[in-house]
Amino acid sequence: MTTIAPDETALEAVFDATVAADERIEPRDWMPDAYRASLVRQIAQHAHSEIIGMQPEANWITRAPSLRRKAILMAKVQDEAGHGLYLYSAAETLGAGRDELLDMLHSGRQKYSSIFNYPTLTWADAGAIGWLVDGAAITNQVPLCRCSYGPYARAMVRVCKEESFHQRQGYELLLTLSRGTEAQRAMAQDAVDRWWWPSLMMFGPPDDESAHSAQSMAWKIKRHSNDELRQRFVDICVPQAEALGLTLPDPDLAWNDERGHWDFGPIDWAEFREVLKGNGPCNEERISRRRQAHEDGAWVREAAAAHAAKQGEATR
Amino acid sequence: MTTAQPAETPSRPADWPLWEVFVRSRRGLSHTHAGSLHAPDAEMALRNARDLYTRRSEGVSIWVVPSAQVTASSPDEKDAFFEPSGDKPYRHPTFYEIPDGVQHL
Amino acid sequence: MNVTVTPALALGDDALILSHRLGEWIGHAPVLEEEVALANIALDLLGQARVLLSIAGDEDELAYLREERQFRNLQLVEQPNGDFAHTIARQLYFSTCQELLYEHLAAGGSELAPLAAKAVKEVAYHRDHAEQWTLRLGDGTEESHRRMQHGLDALWRFTGELFEPVDGLDVPWSALHDTWTTRIGSLLRRATLTVPEGPKSGAWTAGAGRQGLHTEPFGRMLAEMQHLHRSHPGATW
């Protein structure tokens, strides 16, 4: 049997046509190396964010103030582990093993969303994360359900379906506080004050400074620009905040009739870059805690692998 | 580099192999691919799959298959594999013309 | 607060406290798949606790406003997590007992029968999870074997209390105990582990948890669990 080396140009044409036709690229299809690399980077960062994102909320599981809230919070943090798994599983289809990606996370060579480097100081933070952080994440993720790479798009469909409860529980938590005692109300407002701006930063740098945006849009990995999504999020949040009876900490927020959108004040990108560089309030804690859990678990993973080998399991 | 293979044999002793998970969402439907996960052996793979892919009552039955055991058709052979069936419309009922008014056909 | 001690309270406290301990694992599990598994078990137990405590009174008042001496859980379930093997040993001892107990209650006609009938399926899964891990850790590496044996040995002295009669529950305790001993024994042998030989209770601790007497780590655990709720008297959450 002779193998005819496929012509790269022809393959690329097929790839381009598939993307142009809004069809999905599947794991064993030919794809440009840069497309693969870009996807691995994005999916890995997304997966890492899910599992690092467990920490700030898990911080309140043991202190949740009612059993109902405790069950909700546990289920939510568990979902985040699950979402991390779906995403690592999507990355595996590109040949990027989970252990390899975890190594990159643990050694700081791959990033996770900066938002999780902010601390959860009070119970209300669990609500603010649900409402604002998950809200921003959903705004980002819904378009990803139509991403050109099939496994990523399918993982996102599952994630988005499950996330909708996350945002609602956060909103309900804050609403209960806002309608509660004076101290509870203050707690809720304080949390919103601290989480609002970092949530806006979650959409990434402004379009003219975004390093990967243009190519990702061309490949239909990304469907909307950072600024578009950020604006959509602000427009959604303003009336929601009003219904909560809480104030968004931006004196420049104003309805712009001409644009048909809410104007908002300047974002402190210097802070964003500092947190990204590792100088956020919790960068060190988050990553060392993750590393610790991984190292502490090494003997367990080895034991199960050794047991399987002894049993002669067909694991190859 | 053109094709991604499923994860190979573990590269380190503690790396658990990858398993593909198929879930039957309810009686009367076939198992469909849900995703993958890592597990040291088949029994744990089943349990992990139950915990991960059916925690919202999404399933009544689960299969797990070592990813390395899946043999897949290659996209390079796509034309040879799948195009030849494209010009056999007589396999489909809409190919045939039936006079108006004839029923139960 | 005044609390009437009932079987629902004792069993509810077991589930509540063990669920809390398992919740402490979240974010620290040895592998991501196990994060999901441990959280599932914690959520099952919390669900059981909420039903049971609601039979006994108001679930939140009972969970958050009782003093340490008013909790009626087994001392076993309040023991700190330790390493993963330690947690698995605690799960194995408890789930094996809980399954036997709930099977019995499910077949009976008490007010706990409906809860037990539902919960016994969850508990069977918890027991299976603990067994699978006991087998793998026991017959895994030298290190895992040593750690698993250590966990089993360290918690053995809390197992006598599992079969101390609970007032108001009509259960053939000693028969359950025999079955438990047989099951644990045969599992540990399969896992190349040794059944601990020490006494099944400490010098003065047999049945103590059921009487409201707890171990040192419990007070600290409650302080953390109750702090926020108690800081805002009368608030709704």
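Here's what I pulled together on the structure shown here. The model shown is predicted, which means the values in this text are computed figures rather than measured ones.

## Brief notes about the overall build of chain A
Tallying secondary structure elements over chain A gives 13 helices and two strands in all. In terms of overall dimensions, chain A is globule-like: its C-alpha atoms have a radius of gyration of 21 Å, near the 20 Å expected for 316 residues. Principal axes of the C-alpha set define a box for chain A whose edges measure 80 × 60 × 35 Å. Out of the 316 residues in chain A, the part that is buried amounts to 59%.

## Section: the interface of chain C and chain B
Each partner contributes residues to the interface: chain C has 10 residues there, and chain B has 12 residues. Together, the buried faces of chain C and chain B total about 1100 Å²; carbon and sulfur atoms form 55% of this surface. Considering only the side of chain C, the residues that lose the most area to chain B are C:Glu33, C:Tyr125 and C:Arg136, jointly responsible for 48% of the buried surface there. There are three salt bridges connecting chain C and chain B. Residue C:Arg136 pairs with B:Glu43 through a salt bridge whose shortest N-O separation is 3.1 Å. Linking chain C with chain B are seven residue pairs in polar contact (both at pLDDT 80 or more). Going through the elements one at a time, α2 (32–56) and α6 (113–138) of chain C are the ones with two or more residues in the side of chain C that touches chain B. A per-element tally of the side of chain C that touches chain B places α6(C) first, with five residues. Taken together, the residues of the side of chain C that touches chain B sort by class into five nonpolar, two polar and three charged.

## Looking at helix α5 (residues 84–107) of chain C
For an α-helix the count is 3.6 residues per turn, leaving residues at separations of three or four pointing the same way. Residues and elements named next belong to chain C. Here α5 contains 24 residues, and its C-alpha end-to-end distance of 34 Å stays within 8% of the 34 Å for a straight helix at 1.5 Å per residue. Here α5 lies mainly inside the structure; 20 of its 24 residues are buried. With a side-chain oxygen positioned 3.2 Å from the backbone nitrogen of Ala85, the residue opening α5 is Asp83.

## Notes on the packing of α5(C) against α6(C)
All names here are of chain C. Relative to each other, α5 and α6 sit at 150°, their axes nearing to 7 Å. In this structure, α5 meets α6 at a crossing whose hand is left-handed. Residue composition of the contact of α5 with α6, by class: 18 nonpolar, seven polar and four charged.

## Considering the packing of aromatic side chains
Across all of its chains, the model carries 22 aromatic pairs over all chains by this definition. Each ring, one from A:Trp269 and one from A:Phe272, has its centre 5.1 Å from the other, and the planes form 85°; the classification is edge-to-face. You can see A:Trp269 and its partner A:Phe272 sitting in helix α11 (residues 269–279), three residues apart, about one turn around the helix. The buried category is assigned to A:Trp269, whose relative accessible area is 15%. For A:Phe272, a relative accessible area of 12% gives the class buried. In textbook terms, an aromatic cluster arises when at least three aromatic residues are bridged by ring pairs, as seen for A:Phe15, A:Trp30, A:Tyr35 and A:Trp219. In this structure, A:Arg63 is placed above the aromatic ring of A:Trp60, and the distance from its NZ or CZ to the ring centre is 3.7 Å. In this structure, B:Arg50 is placed above the aromatic ring of C:Tyr125, and the distance from its NZ or CZ to the ring centre is 3.4 Å.

## Let's talk about the interface of chain A and chain C
Across the boundary between the two partners, chain A contributes 44 residues, which contact 47 residues of chain C. On the surface where chain A and chain C come into contact, there are two salt bridges. With its nearest N and O atoms 2.5 Å apart, the salt bridge here joins C:Glu33 to A:Arg98. Linking chain A to chain C there are 17 residue pairs in polar contact (both at pLDDT 80 or more).

## Considering the pattern of salt bridges
Residue and element names in this part refer to chain A. In total, this model carries 34 salt bridges over all chains according to the counting rule given. With a shortest N-O distance of 3.0 Å, Asp22 and Arg223 are connected by a salt bridge. On the criterion of sequence distance, the pair formed by Asp22 in the loop between α1 (8–20) and α2 (33–52) and Arg223 in the loop between α9 (213–218) and α10 (226–244) is long-range, its members being 201 residues apart. When salt bridges with common partners are traced through the structure, they connect Glu57, Lys76, Glu80 and Asp134 into a single cluster.

## Quick notes on the side chain of C:Glu99
By the element assignment, C:Glu99 lies in helix α5. Exposure remark for C:Glu99: the relative accessible area of 6% places this residue in the buried category.

What counts and what doesn't
- Residues numbered from 1 in each chain as written.
- Chains lettered and ligands numbered in written order.
- Predicted model: local features only at pLDDT ≥ 70, side-chain atom pairs only at ≥ 80, totals over all residues.
- Heavy atoms only, no water.
- Helix = DSSP H or I, 4+ residues; strand = E, 2+ residues; numbered from the N terminus.
- Rg over C-alpha atoms; globule rule 2.2 N^0.38 Å.
- Buried < 20%, exposed > 50% of the residue type's maximum accessible area, 1.4 Å probe, protein only.
- Contact = heavy atoms within 4.5 Å.
- Buried area = accessible area lost by both parts, 1.4 Å probe.
- Salt bridge = Lys/Arg side-chain N within 4 Å of Asp/Glu carboxyl O.
- Polar contact = N/O pair within 3.5 Å; in protein donor to acceptor, adjacent residues only side chain to side chain.
- Nonpolar A, V, L, I, M, F, W, Y, C, P; charged D, E, K, R; others polar.
- Expected span 1.5 Å × (residues − 1).
- Axes fitted to C-alpha atoms, helices over the stretch in contact; angles between N-to-C directions.
- Left-handed = near helix turned anticlockwise from the far one by under 90°.
- Phe/Tyr/Trp six-rings, centres within 6.5 Å; stacked < 30°, edge-to-face > 60°.
- Lys NZ or Arg CZ within 6 Å of the ring centre and 35° of its normal.

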